[in-house]
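Each chain, written out:
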Amino acid sequence: MAAPEEAPVPEDRPPDTDTAEAVDLRLHQPEDHGALVHVAAPPQPSDPRLSDVDEWGRSEHMREIARKAYDPVYRHWFRVEWEGMENIPRSGGALLVANHAGAIPSDAPAIMHGIEKELGRPVYGLADNLFKSIPLIGTMWARVGGVAGHPDNAYRLLREQRQLVLVFPEGAKGPGKTWNERYRLRRFGRGGFVEIAMRAGVPVVPIAFVGAEESMPIVFRLQTLAKVFGLPYAPVTANVLALGPAGALTYFPAKFKIRVLEPVEFKDVLPNQERYSRNRVMDESEAIREKIQEALYDMLRERQSIWRG
Amino acid sequence: MGRRVLVTGLGTFWGGKVAQALEKDPGVDVIVGLDTTEPTIELERTEYVRSDENYSILNRIVRATQVDTIIHTFLVVDSTSVGSRRLHEVNVIGTMNLFAAASASGSKVRDVVVKSSTLVYGTSMEDPVWFTENTPRSHTPRTPVEQSLEEVEGYVRDFAQDNPHVTVSLLRFSNVIGADISTPLTRALRLPLVPSIMGFDPRFQFVDEDDVINSILFVLEHDQPGIYNVAGDGLLPWSEVVDMCGKRRVPLPPLGTELVAWPLRRLGIFEIPDEYWGLLRYGRGVDNRKLKAAGFTYKHTSASAVEAFVRGMRLSGTVGEREPEYKYERDVEQFFRHSPAVVRETTSD
């Protein structure tokens, strides 16, 4: 009963202690109180639901459409290539951590689509809360698989629903980089992602992503415009300079290469703790950041062409 | 000796229903109902006392009746029904007086149940999908209802801390829906065109009106101290809720929503209180597992609660709003309760 509704719960879940207690209590409920407390009526035979939007705001129907629309882009435009896909667990929760780039980041959909296609496991992409406040886009993002990046949401997905969650610890500072700073990882926030993985008792799977930087590079940023609209950054992209207004939504066909690194496990810390050592969290966060940075340099050393890989 | 119960807000939907259910319980000896308005449903043995809105006579009543249980259902959560000053009087001052009376020396009070609302969590874009009882709200409340509820919960917490021998249960109810209850949301859903905000399709959670009554009785019966969320399973997008009701949505612009809504509100076309605008944008989900783990079983999920509401709406759409079958007549009620001419079954011995 971990999820209060028909959320996908894998069958290998350990029995929830809460449930056991609840059942117990109900069994010992004195008979004479029955008159006051209504005993639950049998569940309604017909499902009153009209749509398939779940608690996270996703709709499988919409996701199917989005997958169909995006698949040609994934295969023919970005020609995505994976390496180390076997490092992604086939069951159980895991926190996927990747570098983030492109004025409108093109990495999130590629990672989510690739894993869903290859492993058949849904990926929950955590996004900035700001997404929620944008009309239409916020709703669409939720329908196709995005979730607001609140620690409680991540914990619930990882620990209770044992899902794959994708997070970009750089936040808006990653995609807000200009062209000359490409592939140089920003600070990984305050290491919150490590803390969540520890609390949820799941491994962190680092992912290095090459190509997103070149799909929509930022030439310069407009500080005042960003301030006026309350945005984290207002980019002028090479795409807009080259293609005019059409460039605002057109990616360059950079070759995408994705390398999944060895999972990082925190076997020595207990899950569900109130707090974790700040020192430990920051060290782990920094180590993961360095691993991704190293992998990126390695991949760039091997890359012969931005467009052909 | 059985329970002696004081129900505040007897004239409200909740107070009335709770008193009605308690009357059937032979373990309850005395039910005293307090309100500013007369009860709207027929009650057998509940004693109705008219009070002013901030319960200044409460101290005397608690002392005189020696009640051991207080069910506080009188909190106003619908800000369209009263002005903000009266809201403060009822919610904050009323609750303050209630707890002052309950904690007076010689008070016999052992159980207190307070009906609050998930409005205390607020709603904003920084919120998690599910609020647990411990999740703090993201921003300080700005609307009078939310501010008053926060103060009320403060009094409840203080009282529980100062009186560890009293079982204090605080129930936070999600959006209540049902055929009989009238809230800003049910009124909006009864309109031919239901307001929504363009580009937003927030997820709503509902709790059926019967589950509300049952949960109050449940915590009372099973001595469950603490804070509990009371809400049906699952979240429904607002568009789906409107579809289930067979209505259409009127999209209001996402910018300057309240500005556009203001004239519509003045004209009385629809009345969406301030605290619901955030809800129409971001929605709100609360985790109901704590109460379930305590052993409570819900009759309805969010979806089936809406369905029950829709069935009720269909009925009233066909046969019209039912006339209230009952009107409180003081003399009649006094006669049945206290006249020696009435032959009463002795239940207490």
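Everything that follows concerns the structure shown earlier in this document.
The sections below set out a description of the structure shown in this document. Small disclaimer: the values here were computed from a predicted structure and weren't measured. (Residues numbered from 1 in each chain as written. Chains lettered and ligands numbered in written order. Predicted model: local features only at pLDDT ≥ 70, side-chain atom pairs only at ≥ 80, totals over all residues. Heavy atoms only, no water.)

All names here are of chain B. Ordered in space as E3-E2-E1-E4-E5-E7-E12, the seven strands form an open sheet in which the pairing is parallel. The strands lining the two open edges of the sheet, one partner per strand, are strand E3 (47-50) and strand E12 (226-230). Averaged over all pairs of adjacent strands, the angle between strand axes in this sheet comes to 20°, irrespective of strand direction. One ladder, built from seven bridges, connects strand E5 (residues 111-117) with strand E7 (residues 167-173); its direction is parallel. Counted as the bridge partner of Ser 116 is Arg 172 from E7. Contacts between helix H4 (residues 144-162) and the sheet are confined to E5 and E7, with E7 contributing the most and set at about 160° to the helix. (Pairing = 2+ DSSP bridges. Helix = DSSP H or I, 4+ residues; strand = E, 2+ residues; numbered from the N terminus. Axes fitted to C-alpha atoms, helices over the stretch in contact; angles between N-to-C directions. Contact = heavy atoms within 4.5 Å.)

Take the packing of helix H1 (residues 13-23) of chain B against helix H6 (residues 209-221) of chain B next. Residue and element names in this part refer to chain B. Where H1 contacts H6, the axes come no closer than 10 Å and their chain directions differ by 55°. By the criterion of interaxial angle, the relationship of H1 to H6 is oblique. The interaxial crossing formed by H1 with H6 has right-handed handedness. Mapping the contact onto sequence places Phe 13, Trp 14, Lys 17, Val 18, Ala 21 and Leu 22 in H1 and Glu 209, Val 212, Ile 213, Ile 216, Leu 217 and Leu 220 in H6. In terms of residue class, the contact of H1 with H6 is made up of 10 nonpolar, no polar and two charged. (Parallel < 35°, antiparallel > 145°, perpendicular 65-115°, else oblique. Left-handed = near helix turned anticlockwise from the far one by under 90°. Nonpolar A, V, L, I, M, F, W, Y, C, P; charged D, E, K, R; others polar.)

Further remarks concern the nonpolar core. Ranked by internal contacts, the top residues of the largest apolar core, which has 38 residues, are Leu 95, Val 97, Phe 193, Val 204, Phe 266, Ile 288 and Ile 292 of chain A. If you list the elements that add at least two residues to this core, you get strand E2 (94-98), strand E3 (123-127), helix H5 (151-160), strand E5 (164-167), helix H6 (192-200), strand E6 (204-210) and helix H10 (278-302) of chain A. Among all residues touching Ile 288 of chain A, those that are not within four sequence positions of it are Val 97, Phe 188, Phe 193, Val 194, Val 204, Pro 206, Val 264 and Phe 266 of chain A. Core analysis: the second largest hydrophobic core is formed by 36 residues, Leu 34, Val 109, Tyr 121 and Phe 159 of chain B among them. (Core = buried A, V, L, I, M, F, W, Y, C linked by side-chain atoms within 4.5 Å. Buried < 20%, exposed > 50% of the residue type's maximum accessible area, 1.4 Å probe, protein only.)

By the element assignment, Arg 337 of chain B lies in helix H12 (residues 330-338). Within polar-contact distance, the side chain of Arg 337 of chain B engages the side chain of Glu 333 of chain B at 2.6 Å. (Polar contact = N/O pair within 3.5 Å; in protein donor to acceptor, adjacent residues only side chain to side chain.)

Residue and element names in this part refer to chain A. The strand order across the open sheet built from seven strands is E1-E9-E6-E2-E5-E3-E4, with neighbouring strands paired in mixed fashion. Edge positions in the open sheet fall to strand E1 (81-83) and strand E4 (146-148), since each of these has one partner strand only. On average, each strand axis in the sheet is tilted by 25° relative to the strand beside it, whichever way the strands run. Sheet topology note: the E2/E5 ladder contains four bridges and is parallel. Bridge assignment links Leu 95 to a residue of E5, and that residue is Val 165.

Applying the stated criterion across every chain, the model contains 18 aromatic pairs over all chains. With 4.7 Å between their ring centres and 20° between their planes, Tyr 121 of chain B and Phe 131 of chain B make a pair best called stacked. Separated by 10 residues along the polypeptide, Tyr 121 of chain B in the loop between E5 and strand E6 (130-131) and Phe 131 of chain B in strand E6 bring together distant segments of the chain. Comparing Tyr 121 of chain B with Phe 131 of chain B shows no difference in burial state: the two are buried. Taken together, the ring pairs connect Phe 78, Phe 209, Tyr 251 and Phe 256 of chain A into an aromatic cluster. Just above the ring of Tyr 124 of chain A sits the side chain of Arg 58 of chain A; from NZ or CZ to the centre is 3.7 Å. When the ring centre of Phe 200 of chain B is taken as origin, the NZ or CZ atom of Arg 281 of chain B, which lies over that ring, is 5.2 Å away. (Phe/Tyr/Trp six-rings, centres within 6.5 Å; stacked < 30°, edge-to-face > 60°. Lys NZ or Arg CZ within 6 Å of the ring centre and 35° of its normal.)

A few words on the pattern of salt bridges. One pass over the full model with this rule turns up 41 salt bridges over all chains. In this structure, the salt-bridge partner of Lys 257 of chain A is Glu 81 of chain A, at a minimum N-O distance of 3.9 Å. Of the two residues, Lys 257 of chain A is situated in strand E9 (residues 257-260) and Glu 81 of chain A in strand E1; the sequence distance between them amounts to 176 residues. The class for Lys 257 of chain A is partly exposed, based on a relative accessible area of 31%. Assessed through its relative accessible area of 39%, Glu 81 of chain A is described here as partly exposed. The salt bridge partner of Arg 3 of chain B is Asp 111 of chain B, with a shortest N-O separation of 3.0 Å. Here Arg 3 of chain B is found in strand E1 (residues 3-8), whereas its partner Asp 111 of chain B is found in strand E5, with 108 residues between them in sequence. Per residue, the accessibility class of Arg 3 of chain B equals that of Asp 111 of chain B, and both read buried. One network of salt bridges, with partners in common, ties together Glu 60, Arg 63, Glu 64, Arg 67, Lys 68 and Glu 116 of chain A. (Salt bridge = Lys/Arg side-chain N within 4 Å of Asp/Glu carboxyl O.)

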